[in-house]
Amino acid sequence: MTGTLRHFRPGVFALIVALLLGVSGISVVTENEQAVIERLGEPNRVINRFSPTGPSGAGLVAKIPLVESMVVLPRGLVTYSLAAKRVRTADQQWLLADTDVTYRIIDPVKLSETLGSAVKTEDQLKALLPPLLDQEVGSRNAVIVAQPGAGGANEAMRRALDAGVRQYGLQVVDLRIARLALDEGSLASAYDRMEQRHEATLAEIEVKSANDALAVTSAAEAEATARRKRSADQDPEFYSFYRAMRSYDELYGDPKRKNTVTIVLPPDSGYLEHFGGK
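(A) The arrangement of the overall build of the protein in detail. For the protein, the helix and strand inventory stands at seven helices and eight strands. Here the protein holds 278 residues, and the buried ones make up 26% of them. Looking at the protein alone, contacts between residues at least 24 apart form 66% of all its contacts between residues at least 6 apart. When the accessible surface of the protein is split by element, carbon and sulfur atoms take 57% of a total near 18300 Å².

(B) Quick peek at the sheet that holds strand β5 (residues 68–74). Across the sheet, which stays open at both edges, the three strands sit in the order β3-β2-β5 with antiparallel pairing between neighbours. Unpaired on one side and paired on the other, β3 (42–47) and β5 mark the two borders of the sheet. The mean inter-strand angle of the sheet, taken between neighbouring strand axes irrespective of direction, is 30°.

(C) Seen up close, the nonpolar core. Core analysis: the largest hydrophobic core is formed by 32 residues, its most contacted members being Leu129, Leu133, Leu161 and Ile177. Counting residues per element, the ones that place at least two in this core are β5, β6 (78–88), β7 (94–105), α3 (121–138), α4 (142–145), α5 (153–165) and β8 (170–182). If we skip the residues at most four places from it in the chain, Ile177 touches Ala97, Asp98, Thr99, Leu133, Val137, Val145, Ala150, Asn154 and Met157. One finds Val29, Ala35, Ile37 and Ile47 within the second-largest nonpolar core, a separate group that totals five residues.

(D) Inspection of the sheet that holds β8 at higher detail. With antiparallel pairing, the three strands of this open sheet are ordered in space as β6-β7-β8. Strand pairing shows two members of the sheet lacking a second neighbour, β6 and β8, which therefore form its edges. Sheet twist, expressed as the average angle between the axes of neighbouring strands with direction ignored, equals 20°. Looking at chain direction, β7 and β8 are connected through 11 bridges and run antiparallel. Across the sheet, the residue bridging to Leu96 is Ala181, located in β8. The strands that α5 touches are β7 and β8; relative to β8, the one it contacts most, it runs at about 140°.

(E) Summary view of the environment of Asp134. Following the sequence through the fold, Asp134 ends up in helix α3. When near neighbours in sequence (up to four residues on either side) are disregarded, Asp134 contacts Lys85, Arg86 and Val87. Side-chain polar atoms of Asp134 contact the side chain of Lys85, separated by 2.8 Å.

(F) Structural context of the environment of Asp107. Note on placement: Asp107 falls in the loop between β7 and α2 (108–114). Classification of Asp107 as partly exposed rests on a relative accessible area of 24%. Here the side chain of Asp107 touches Lys110 through a polar contact of 3.1 Å, landing on its backbone nitrogen.

(G) Structural context of the packing of α3 against α5. Two numbers describe how α3 lies on α5: the axes approach to 10 Å, and their chain directions differ by 145°. Between α3 and α5 the crossing geometry is right-handed. For the pair formed by α3 and α5, the contact residues are Leu125, Leu128, Leu129, Leu132, Leu133 and Glu136 on the first element and Ala153, Ala156, Met157, Ala160, Leu161, Gly164 and Val165 on the second. Along the lines of polarity and charge, the residues of the contact of α3 with α5 split into 11 nonpolar, one polar and one charged.

(H) A look at α3. Between the first and last C-alpha of α3 there are 26 Å, a value that for 18 residues agrees with the 26 Å anticipated at 1.5 Å per step. Listed in full, the buried residues belonging to α3 are Thr121, Leu125, Leu129, Pro130, Leu132, Leu133, Glu136 and Val137. Structurally, α3 contributes buried residues whose contacts are with β6, β7, α2, α4, α5 and β8.

(I) View of α5. The first and last C-alpha atoms of α5 sit 18 Å apart over 13 residues, in line with the 18 Å expected at 1.5 Å per residue. By the burial criterion, the buried members of α5 are Ala153, Asn154, Ala156, Met157, Arg158, Leu161, Asp162 and Val165. Considering only its buried residues, α5 is in contact with β7, α3 and β8.

(J) Molecular detail of unusual backbone geometry. At Asn48, a position not held by glycine, the phi torsion is positive, near 60°. By the secondary structure assignment, Asn48 is in the loop between β3 and β4 (59–62). For Asn48, a relative accessible area of 5% puts it in the buried group. With a phi close to 65°, Gln92 is a non-glycine residue in the positive phi region. Along the chain, Gln92 turns up in the loop between β6 and β7. Residue classification places Gln92 among the partly exposed residues on the basis of a relative accessible area of 48%.

Calculation notes
Residues numbered from 1 in each chain as written. Predicted model: local features only at pLDDT ≥ 70, side-chain atom pairs only at ≥ 80, totals over all residues. Heavy atoms only, no water. Helix = DSSP H or I, 4+ residues; strand = E, 2+ residues; numbered from the N terminus. Buried < 20%, exposed > 50% of the residue type's maximum accessible area, 1.4 Å probe, protein only. Contact = heavy atoms within 4.5 Å. Areas by Shrake-Rupley, 256 points an atom, 1.4 Å probe, with all protein chains shown as cover. Pairing = 2+ DSSP bridges. Axes fitted to C-alpha atoms, helices over the stretch in contact; angles between N-to-C directions. Core = buried A, V, L, I, M, F, W, Y, C linked by side-chain atoms within 4.5 Å. Polar contact = N/O pair within 3.5 Å; in protein donor to acceptor, adjacent residues only side chain to side chain. Left-handed = near helix turned anticlockwise from the far one by under 90°. Nonpolar A, V, L, I, M, F, W, Y, C, P; charged D, E, K, R; others polar. Expected span 1.5 Å × (residues − 1).

Okay, structure coming up:
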């Protein structure tokens, strides 16, 4: 029995190796993946290549063990985000910009030949995107960049970035500045300008209010003087009596000044004629 097993051992070993090689030669490509089959390091064929209308090629993939290898790449849209990039606008405002890029792999063979894997695509985007942000944002004022579409900067950067990554088999579908914020220095400067504008506006309002009040008072005094003059012209005796009553009220009408004011007048004073029945 032992001799029999020893006799078949090479065949069993070969069968096991063949099974292992057969299993390693079968892979699965999902609907969200596309794969480049490389034979001895050179691209040989593409499985489930991206196509807007073409049929799916997902499923089991057979390759020659030890001769062919498979590079798996995303088939759908991929998003890359560059966070808190410090950029300066044309009006010298420093901003922190978060930028989102949406792209897809349209030429998997070219990507595998140039970058080798999908992981390295982010390295290329990280190198290409910051200079575009500096260029496009730097040519626009902060108010323009804060508008929808960043005042045209989004589309300009998308076109430029798309042209730059086509050599890697990529297509930039969308690019947008997702968030803008003032950095600490610009924020403090903005607060200072706001406070200065507030103080200037307040001072302007105070001056205008004082001028308006003076104008109203002057107009009222002029109107009162004109009316007194008309009254005096119509009835001089009554006007004289009215003036005497007003002066008397100002001197003695205030309860706080009672018994604190003394006036010494001669008997023939015109001021007393209204109190003496003359």
